[in-house]
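Okay, here's what each chain looks like letter by letter:
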Amino acid sequence: MTLDLNFIKKFEDNFTRNVNLSNYSWFNLGGNAEYFYKAKNETQLLEFLQEAKIKNIKTTILGAGSNTLFRDNGVKGAVIKLVNEFSYTKLINKNILDVGAATLDRKVANYAKENNVGNLEFLSCIPGSVGGAIMMNSGCYKNDISKVLLSIKAISKKKLSVIEIKKEDIKFSYRGTNLSDDLIIISAKLKGNEDLKEVIEKKQNDFIARKKASQPTQIKTCGSTFKNLSEDKKAWMLIKEAGCEDYREGDAIISQKHCNFFVNNGNAKSSDIENLINKVKKKVQEKTGVDLELEIKIVGEK
Ligand SMILES: Cc1cc2nc3c(=O)[nH]c(=O)nc-3n(C[C@H](O)[C@H](O)[C@H](O)COP(=O)(O)OP(=O)(O)OC[C@H]3O[C@@H](n4cnc5c(N)ncnc54)[C@H](O)[C@@H]3O)c2cc1C
């Protein structure tokens, strides 16, 4: 689909062609987005979605890219990233927060701490955005976003309207939800517990220290590649059992510290990571009979 000049002019401040997606993924990999749109606010986003619908442009929503592998061949259509007014934190009650979908999880955790709202400490360990955390039902240390969520506000791309969905009407699973691809989450209400800042801070620091001790840092990764089966059967255990820890494909390697973390060692291609994923999946299936399910999202043209 080629776009006419009027369309491009209308959104030119925030709209670019052929944007390299490697800058938007924690793997630091991926080809180009045909179009890249930074949505600054709800009105602009609705206007863009309306035009995209008329012009039949496929849209893909991206958060902080900490769970997304973009393929080398890039992404057709427009990749949308929420910015500016979609990033905010507001205290609307003594223990209820209203947060924008583009807000980073650790900012939410810090804001909650400053306002004596506890039970959101786990968010300081998740390097994504609120929108991504909800879609992925992200969590750690026996907590996840479904346990603290009250409701979301989202835009339906088909209906071009804003809807509010209560937590009770969303089905959450381990690292997933039944929310449709049609929805772009724009904000969420989260409920914590009233607590003392010092207590929250201690818990938060403890979580961060535990993460540092068990997971690699300062590397190009999207965290856990595969979903755990259960507390007793974690994906890393199966990868170890199948003897895959030293597998590599090109410059795509497996972290020595946590073998469910796949890493771009500097010069990998997305296809190397994908080949490594397939190789490990096959071996684990052969050795243990378990069909590992991907936690990371692979996006783009094959
Ligand atoms: C070092 C490291 C450690 C990690 N540790 C953890 C952990 O402890 N626990 C855990 O659960 N995860 C962990 N992750 C994975 C990742 O951080 C989470 O899945 C995170 O919530 C993804 O958020 P994101 O904004 O980066 O999402 P993205 O990768 O940008 O997107 C993920 C999915 O969410 C969708 N999405 C994003 N924003 C929106 C929106 N506004 N509306 C609708 N859909 C949207 C995307 O389309 C995509 O399908 C880790 C990752 C890394 C790199």
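Report follows, based on the coordinates. Counting restarts for each chain: residues are numbered from 1 in the order of the written sequence. Per-residue local features of the predicted model are confined to residues with pLDDT of at least 70, and side-chain atom pairs are confined, for both listing and counting, to 80 or more; whole-chain, interface and lining totals are unaffected and use all residues. Think of the side-chain values as coming from all heavy atoms in the structure, minus any hydrogens and water.

Re the sheet that holds strand E1 (residues 15-20)
This is how it is decided: Paired strands, in this sense, are two strands between which DSSP finds at least two bridges. Helix and strand definitions here come from DSSP, where helices need a minimum of 4 consecutive H or I residues and strands a minimum of 2 consecutive E residues; each element is numbered from the N-terminal end. A fitted line through C-alpha atoms represents every axis, and for helices the fit uses only the stretch in contact; the resulting angles, taken between N-to-C directions, go from 0 to 180 degrees.
Ordered in space as E1-E2-E5-E3, the 4 strands form an open sheet in which the pairing is mixed. With one partner strand each, in any of the chains shown, E1 and strand E3 (59-62) form the two edges of the open sheet. For this sheet the average axis-to-axis angle between neighbouring strands, irrespective of direction, equals 35°.

A look at the site of the ligand
How we decide: One heavy atom suffices: a residue is near a molecule or strand as soon as one of its heavy atoms comes within 4 Å of it. Here a polar contact is taken to be a pair of N or O atoms separated by no more than 3.5 Å, where protein atoms must pair a possible hydrogen donor with a possible acceptor and residues adjacent in sequence count only if both atoms sit in side chains. The protein chains shown are the only cover counted for residues, whose accessible areas, like all others here, come from Shrake-Rupley with a 1.4 Å probe. Each residue is assigned to one class: nonpolar for Ala, Val, Leu, Ile, Met, Phe, Trp, Tyr, Cys and Pro, charged for Asp, Glu, Lys and Arg, and polar for all the others, Gly among them.
Looking at the ligand, there are 33 residues lining it, with Ile61, Ser66, Ser129, Ser138 and Lys211 nearest. In the environment of the ligand, an oxygen atom lies 2.8 Å from a nitrogen or oxygen atom belonging to the backbone of alanine 64. The contact in question runs from a nitrogen atom of the ligand to an N or O atom on the backbone of glycine 132, over 3.4 Å. Coverage of the ligand by the protein chains reaches 91% of its 970 Å² of free accessible surface. Looking at the shell around the ligand, the elements with two or more residues in it are E3, helix H4 (130-136), strand E9 (139-140), strand E15 (183-191) and strand E17 (220-224). In terms of residues, the shell around the ligand owes the most to one element, H4, which gives 5 residues. Among the residues making up the shell around the ligand, the classes are represented as 16 nonpolar, 14 polar and 3 charged.

Description of the nonpolar core
In plain terms, the rule: What is meant by a nonpolar core is a set of buried Ala, Val, Leu, Ile, Met, Phe, Trp, Tyr and Cys residues, joined one to another through side-chain atoms within 4.5 Å. Buried residues are those whose accessible area, probed at 1.4 Å on protein chains only, stays under 20% of the maximum for their type, while exposed residues exceed 50% and partly exposed ones sit between those limits. Contacts between residues were defined by any pair of non-hydrogen atoms, one from each residue, lying within 4.5 Å.
Core analysis: the largest hydrophobic core is formed by 49 residues, its most contacted members being Leu45, Phe48, Ile80, Leu82, Ile134, Ile152 and Leu190. For this core, the element with the most residues is E15, which contributes 6 residues. Excluding anything up to four places from it in sequence, leucine 190 contacts Asn95, Ile96, Leu97, Val99, Val108, Leu123, Ile145, Val148, Leu149 and Leu150. Within the second largest apolar cluster, 24 residues are counted, among which are Leu29, Leu69, Val280 and Ile296.

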